[in-house]
Amino acid sequence: MESIEKEAGKRKLILKWHNIGDGLLVTLTGGDEHIGAVAVGNSGASSVITLPGHRDDEIAHRQAGRINRKTGNDTVFLVGIHFNNIQPDEISKICDTAELMVDELIDIIEE
């Protein structure tokens, strides 16, 4: 699996991906790794499943759809990010950093 690591403020995020045939499996984790939400991007649409008590669905849903629309690859995007005592401004920074990481991934795929 290839990976990109970035700091979101003082929090570290790791984006990993692996080609599966014509599809793409992507994981985004940070802090205590876990499975929080899984989204599938296919034919310009995306669907998401969120585990009870988790709030990783927004990132998973948005990014699976973005990757699929930009690259044409069917995409499974798994997100599991957990940091204790996280503040609202840190959540915003994590979402922004995830967006930048996926931008970088899309650039790599399109090369």
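Residues numbered from 1 in each chain as written. Predicted model: local features only at pLDDT ≥ 70, side-chain atom pairs only at ≥ 80, totals over all residues. Heavy atoms only, no water.

Looking at an unreviewed UniProt entry, one finds the protein chain named Prenylated flavin chaperone LpdD-like domain-containing protein and attributed to Methanohalophilus portucalensis FDF-1.

(A) Just the pattern of salt bridges, in detail. A full pass over the atoms with the stated rule returns 6 salt bridges. Between Arg-66 and Asp-103 there is a salt bridge, with its nearest N and O atoms 2.2 Å apart. With Arg-66 in helix H1 (residues 57-71) and Asp-103 in helix H2 (residues 88-110), this pair connects stretches of sequence that are 37 residues apart. Of the residues examined, Asp-103 reaches a relative accessible area of 29% and is grouped as partly exposed. Among the ionic contacts, a cluster of salt bridges with common partners joins Arg-62, Arg-66, Glu-99 and Asp-103. (Salt bridge = Lys/Arg side-chain N within 4 Å of Asp/Glu carboxyl O. Helix = DSSP H or I, 4+ residues; strand = E, 2+ residues; numbered from the N terminus. Buried < 20%, exposed > 50% of the residue type's maximum accessible area, 1.4 Å probe, protein only.)

(B) Representation of the nonpolar core within the structure. Of all hydrophobic cores here, the largest spans 24 residues; its most connected members are Leu-28 and Phe-77. Looking at this core, the elements with two or more residues in it are strand E1 (2-8), strand E2 (11-20), strand E3 (23-31), strand E4 (37-42), H1, strand E6 (75-82) and H2. Counting residues per element, this core draws most heavily on H2, at 6 residues. Sequence-distant contacts of Leu-28, defined by excluding residues within four places in its chain, comprise Leu-13, Ile-14, Leu-15, Ile-59, Phe-77, Leu-78, Val-79, Gly-80, Ile-81, Ala-98 and Met-101. (Core = buried A, V, L, I, M, F, W, Y, C linked by side-chain atoms within 4.5 Å. Contact = heavy atoms within 4.5 Å.)

(C) A look at the UniProt feature "domain: Prenylated flavin chaperone LpdD-like" (unreviewed entry) in the protein chain. The sites that UniProt annotates as "domain: Prenylated flavin chaperone LpdD-like" (unreviewed entry) are residues 9-109. Its end C-alpha atoms 26 Å apart, residues 9-109 is made of 37% helix and 39% strand. (UniProt positions renumbered as here; feature names shortened; annotations may be inferred.)

(D) The arrangement of the sheet that holds E4 in detail. Pairing in this open sheet of 6 strands is mixed, and the strands run E1-E2-E3-E6-E4-E5 from one edge to the other. Edge positions in the sheet fall to E1 and strand E5 (45-50), since each of these pairs with one other strand and no more. Each strand axis lies, on average, 15° off the axis of its neighbour in the sheet, ignoring direction. Inspection of the sheet shows E1 paired to E2 by 7 bridges, in the antiparallel sense. Bridge assignment links Ile-4 to a residue of E2, and that residue is Leu-15. Packing against the sheet, H1 makes contact with E3, E4, E5 and E6, and its axis sits at approximately 150° to E6. (Pairing = 2+ DSSP bridges. Axes fitted to C-alpha atoms, helices over the stretch in contact; angles between N-to-C directions.)

(E) Region of interest: H1. A rise of 1.5 Å per residue sets the reference length of H1, with its 15 residues, at 21 Å; its end C-alpha atoms lie 21 Å apart and thus fit the reference within 8%. Residues Ile-59, Ala-60, Gln-63, Ala-64, Gly-65, Arg-66, Ile-67 and Asn-68 constitute the buried set of H1. Tucked inside the fold, the buried residues of H1 contact E3, E4, E5, E6 and H2. Just beyond H1, the residue with positive phi is Gly-72, at close to 80°. (Expected span 1.5 Å × (residues − 1).)

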